[in-house]
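Summary of structural features
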Amino acid sequence: MSTPAFRRLLVVIKQTAYEEYSQLRARGQAPKALRWKRLESRFHTHQQCVNDLVDILKRNNLQFSCVNRVELDRQHLADVDLVIAVGGDGTCLSAAHFLDHGTIPLLGINSDPMSEENRIVKKKKTDERTSHGALCACTAANMKGKLPRILHGGGILSTRTRIQCIVKSTFSETRLVPALNDLLIANPSPAAVSRFRMGWLKQVKEPTPSLGSMTDPTYLPKSQYGTVTRFGGNLYDVDNSLNIWSSGLWVSTGTGSSAAMAAAGGMLMDATSDNLQYLIREHMIENAVNKDEMKDQDNALFKPGEKMHLRWNSQKGRIFIDGSHLYHNLELGDEILIDANAPPLALFTRDD
């Protein structure tokens, strides 16, 4: 057999619902309605996949270490040249957040895939919460044939665009981890209105201050909405701003366009597209004078180089990154820059 293409691997392992609820049960806090036999069955299916993977890696003489998804830290990535995520799409997304430089490829293995029989059955008799595995290159059922080929230089390595998001508060500027699927920007309460102003940033030339004006902010150029803004030390004007009352804003990549964005009514994109897509949720435009014009701006693509700008106008807000587990809190007046300038992710994909 040929020499392995990777020197050292990190295996990120999903913590199953059975393990999480077992910890709660030990403290007397587990919900009463849990179906323990179903959870235990899925746990054993997942564990068998992990055991099979470890056996494959040993038989191919590969150096590797294992870490639970909830314990993953940047220190685990030292000297690693491939990350394998065992679980489902959620595990892949969690692992991808630590690969923010885009230099280490990611390989996902769906440890508990939905069977073809379950996909076509109309009356759901089995657990419907198995992972779709859209981000996974192989499954527990086929990895024995596919994984060795990938480990020795085969497989399809795809480059996936990710979302860069920078939040500017009163005294700080925070760059969030790159999002592989999507961002949801909304009020923490789903029943509350999300108020924000959306526009597009256009970089402007830095003005030359006159003597004595360095301490006078009035020397800065003005826009329709007041003093222009800065991100990363660069000066921007805000074009085509629109004040929005809604249930929030989705922003997705091509990879994530088939997930929550599609369910919300967005457009399906090619998974390898360089574009991003946004969709305003439940836009309140009934009494607007320019109702048709505003409706046309509810859902659209924006290209590489284009920078979306939000000014958060609600008392509270939250940016959810690739799901509900990872988020960043917003306050009134925070500004947000969104574009496709995050380092892309190298992701092994299915070859079928």
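The coordinates are above.
Please read all numbers here as calculations on a predicted model, not as lab measurements.

The rules behind the values
- Residues numbered from 1 in each chain as written.
- Predicted model: local features only at pLDDT ≥ 70, side-chain atom pairs only at ≥ 80, totals over all residues.
- Heavy atoms only, no water.
- Phe/Tyr/Trp six-rings, centres within 6.5 Å; stacked < 30°, edge-to-face > 60°.
- Helix = DSSP H or I, 4+ residues; strand = E, 2+ residues; numbered from the N terminus.
- Buried < 20%, exposed > 50% of the residue type's maximum accessible area, 1.4 Å probe, protein only.
- Lys NZ or Arg CZ within 6 Å of the ring centre and 35° of its normal.
- Pairing = 2+ DSSP bridges.
- Salt bridge = Lys/Arg side-chain N within 4 Å of Asp/Glu carboxyl O.

**Digging into the packing of aromatic side chains**
Tallying each qualifying case throughout the model produces eight aromatic pairs. For the pair Trp200 and Tyr278, a centre-to-centre distance of 6.0 Å together with 55° between the ring planes defines the contact as tilted. One end of the pair, Trp200, is in strand β10 (residues 194–203); the other, Tyr278, is in strand β16 (residues 276–280), and 78 residues separate them in sequence. Geometrically, the ring pair formed by Phe320 and Tyr327 is tilted, given 6.0 Å between the ring centres and 55° between the ring planes. A relative accessible area of 17% places Phe320 in the buried class. Given a relative accessible area of 39%, Tyr327 falls into the partly exposed group. One residue, Arg318, lies across the ring of Tyr327, its end atom 4.2 Å from the ring centre.

**Some words on the pairing of strand β1 (residues 8–13)**
Taken across its six residues, β1 has five buried, putting it largely inside the fold. For β1 and strand β2 (residues 63–68), the ladder comprises six bridges, and the chain directions are parallel. Each bridged residue has a counterpart across the sheet, and for Val12 the counterpart in β2 is Val67. Alignment of β1 against strand β3 (residues 82–87), held across five bridges, turns out to be parallel. Residue pairing in the sheet places Val11 in a bridge with Ile84 of β3.

**Brief notes about the pattern of salt bridges**
Under the criterion given, the structure shown has eight salt bridges. Among the ionic pairs, Arg7 bridges to Asp81, the shortest N-O distance being 3.8 Å. Separated by 74 residues along the polypeptide, Arg7 in the segment before β1 and Asp81 in the loop between β2 and β3 bring together distant segments of the chain. On the basis of relative accessibility, which here comes to 59%, the residue Arg7 falls in the exposed class. Residues Asp55 and Arg59 are paired through a salt bridge, measuring 3.0 Å at the closest nitrogen-oxygen approach.

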